[in-house]
Amino acid sequence: RLDARVREPLEYYGQLSAFSIALEQLLAFHEFTGEKKYLDTAELIFEDGILFAEEYLGNTGFFGIEGGKQNLFPIVRLLRPLMRMHQVRGDTRALSLLLRILAWVKDDGYAGTGIMINDRYMPLSLPYHWVVRDIGRHGDEWFIPYNFFTCDAYAYAFRQTGEPSYMVFARELYRDSTLFY
């Protein structure tokens, strides 16, 4: 049996990225071949890897950063595999985690963007990584291309929940991605 458990301490970038990539590829192999072994392994990685890692970090969608830097790419990279897990298996835990991530991304990740600053528009964008300094957590190196990942996830959330605010935000992300990137 594959050991997909999180290693302590969680090596955030590598482990979470590896889980995301493996989950997405295994679901694709299952869809292509119809072989159950790929789906079983994907479920193992989802349960013992991704869900356990989120629980390990406090059930907040991988956002705890006690010190140093936290790159946002593993979080952004996880969105599509969660959508695929929900589509293929109908696993509500995947949708629930996706919605928790999207709530944080919208409220905290995009904070300070999508607004006018000194008479200039700061397009919606996520920081490349969060940095913890004396003044607290702040974004560093704003990066618009992440919007192409998150836009799809917000549109998917709208299709699953019917909540219009998801589609409104997806459209805003698409606008800023295509106009400012």
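What you see is a predicted model; the values in this text were computed from it and never measured.

J.: Would you mind showing me how to read the overall build of the chain here?
T.: Scanning the chain from N- to C-terminus turns up six helices and five strands. Relative to its full complement of 181 residues, the chain shows a buried share of 45%. Sequence separation of at least 24 residues holds for 58% of the intrachain contacts in the chain that already meet a minimum separation of 6. Carbon and sulfur atoms make up 53% of the accessible area of the chain, which totals about 9,600 Å².

J.: I keep staring at helix H3 (residues 73-89) and nothing clicks. Help me out?
T.: Spacing of three or four residues puts side chains on the same side of an α-helix, whose turn is 3.6 residues. For H3, which comprises 17 residues, the first-to-last C-alpha distance of 25 Å matches the rise-based estimate of 24 Å (1.5 Å per residue) to within 8%. Taking burial as the measure, the 17 residues of H3 include 12 buried ones, the bulk of the element. Along H3, the positions that sit buried rather than exposed are Pro 74, Ile 75, Val 76, Arg 77, Leu 78, Leu 79, Pro 81, Leu 82, Met 83, Arg 84, Met 85 and His 86. With its phi angle positive at about 70°, Gly 90 sits one or two positions after the end of H3.

J.: Help me out: how do you make sense of the environment of Pro 81 in this one?
T.: Mapped onto the fold, Pro 81 is located in helix H3. On the accessibility criterion, Pro 81 (0% relative accessible area) is buried. Separated by 62 residues in sequence, Pro 81 and Phe 19 have C-alpha atoms that sit 9.2 Å apart. If we skip the residues at most four places from it in the chain, Pro 81 touches Ser 20, Leu 23, Glu 24 and Leu 27.

J.: Which parts of the structure should I look at to understand empty space enclosed by the protein?
T.: To find leftover empty space, a probe the size of one water molecule is rolled over the atoms. Under the defined criterion, the tally for this structure stands at one cavity of 30 Å³ or more. Approximately 40 Å³ is the volume attributed to the largest cavity. In terms of lining, the largest cavity is formed by Leu 72, Ile 75, Val 76, Leu 79, Trp 104, Val 105, Leu 126 and Thr 150. Counting only elements with at least two residues in the lining of the largest cavity, the list comes to H3 and helix H4 (92-109). Broken down by element, the residue count for the lining of the largest cavity peaks at three residues, all from H3. Within the lining of the largest cavity, the residues separate by chemical class into seven nonpolar, one polar and no charged.

J.: Explain the nonpolar core to me, please; I cannot follow it from the model alone.
T.: Phe 46, Leu 82, Leu 98, Ile 101 and Tyr 154 are the most contacted members of the largest nonpolar core, which totals 41 residues. Within the residue set of this core, elements represented by two or more residues are helix H1 (12-33), helix H2 (36-56), H3, H4, helix H5 (146-161) and helix H6 (164-180). For this core, the element with the highest residue contribution is H4, accounting for eight residues. When near neighbours in sequence (up to four residues on either side) are disregarded, Leu 82 contacts Phe 46, Ala 94, Leu 97, Leu 98 and Ile 101.

J.: What am I meant to see in the packing of aromatic side chains here?
T.: Here a ring pair, both rings aromatic, is described through the centre-centre distance and the interplanar angle of the planes. Going through the model one piece at a time under the given rule, you end up with six aromatic pairs. Between the aromatic rings of Phe 73 and Phe 149, the centroid separation amounts to 6.1 Å while the plane-to-plane angle is 85°, which identifies the pairing as edge-to-face. With Phe 73 in helix H3 and Phe 149 in helix H5, the pair connects residues that are 76 residues apart, well separated along the chain. A relative accessible area of 36% means that Phe 149 is categorised as partly exposed. Ring plane angle 75° and centroid distance 5.4 Å describe the contact between Tyr 110 and Phe 169, whose orientation is recorded as edge-to-face. Here Tyr 110 is found in the loop between H4 and strand E2 (115-117), whereas its partner Phe 169 is found in helix H6, with 59 residues between them in sequence. We classify Phe 169 as buried; its relative accessible area is 5%. Through a chain of ring-to-ring contacts, the aromatic side chains of Tyr 110, Tyr 154, Tyr 166 and Phe 169 assemble into a single cluster. Its end group placed over the ring of Phe 169, Lys 106 keeps NZ or CZ at 5.1 Å from the ring centre.

J.: Got a minute to help me understand the packing of H2 against H4 in this structure?
T.: For any two helices packed against each other, one specifies the crossing angle of their axes together with the interaxial distance. One can describe the packing of H2 onto H4 by two numbers: an axis separation of 12 Å at closest approach and a directional angle of 30°. In terms of axis orientation, H2 runs roughly parallel to H4. The crossing of H2 and H4 is left-handed. Mapping the contact onto sequence places Phe 46, Glu 47, Ile 50, Leu 51 and Glu 54 in H2 and Arg 93, Ala 94, Leu 97 and Arg 100 in H4. Here the contact of H2 with H4 is built from residues that sort into five nonpolar, no polar and four charged.

Parameters and conventions
Residues numbered from 1 in each chain as written. Predicted model: local features only at pLDDT ≥ 70, side-chain atom pairs only at ≥ 80, totals over all residues. Heavy atoms only, no water. Helix = DSSP H or I, 4+ residues; strand = E, 2+ residues; numbered from the N terminus. Buried < 20%, exposed > 50% of the residue type's maximum accessible area, 1.4 Å probe, protein only. Contact = heavy atoms within 4.5 Å. Areas by Shrake-Rupley, 256 points an atom, 1.4 Å probe, with all protein chains shown as cover. Expected span 1.5 Å × (residues − 1). 1 Å grid on protein atoms, 1.4 Å probe; cavity = no way out; pocket = protein on both sides within 12 Å on 5 of 7 lines; lining within 4 Å. Points joined across faces, edges and corners; volume = space filled by probe spheres on them. Nonpolar A, V, L, I, M, F, W, Y, C, P; charged D, E, K, R; others polar. Core = buried A, V, L, I, M, F, W, Y, C linked by side-chain atoms within 4.5 Å. Phe/Tyr/Trp six-rings, centres within 6.5 Å; stacked < 30°, edge-to-face > 60°. Lys NZ or Arg CZ within 6 Å of the ring centre and 35° of its normal. Axes fitted to C-alpha atoms, helices over the stretch in contact; angles between N-to-C directions. Parallel < 35°, antiparallel > 145°, perpendicular 65-115°, else oblique. Left-handed = near helix turned anticlockwise from the far one by under 90°.

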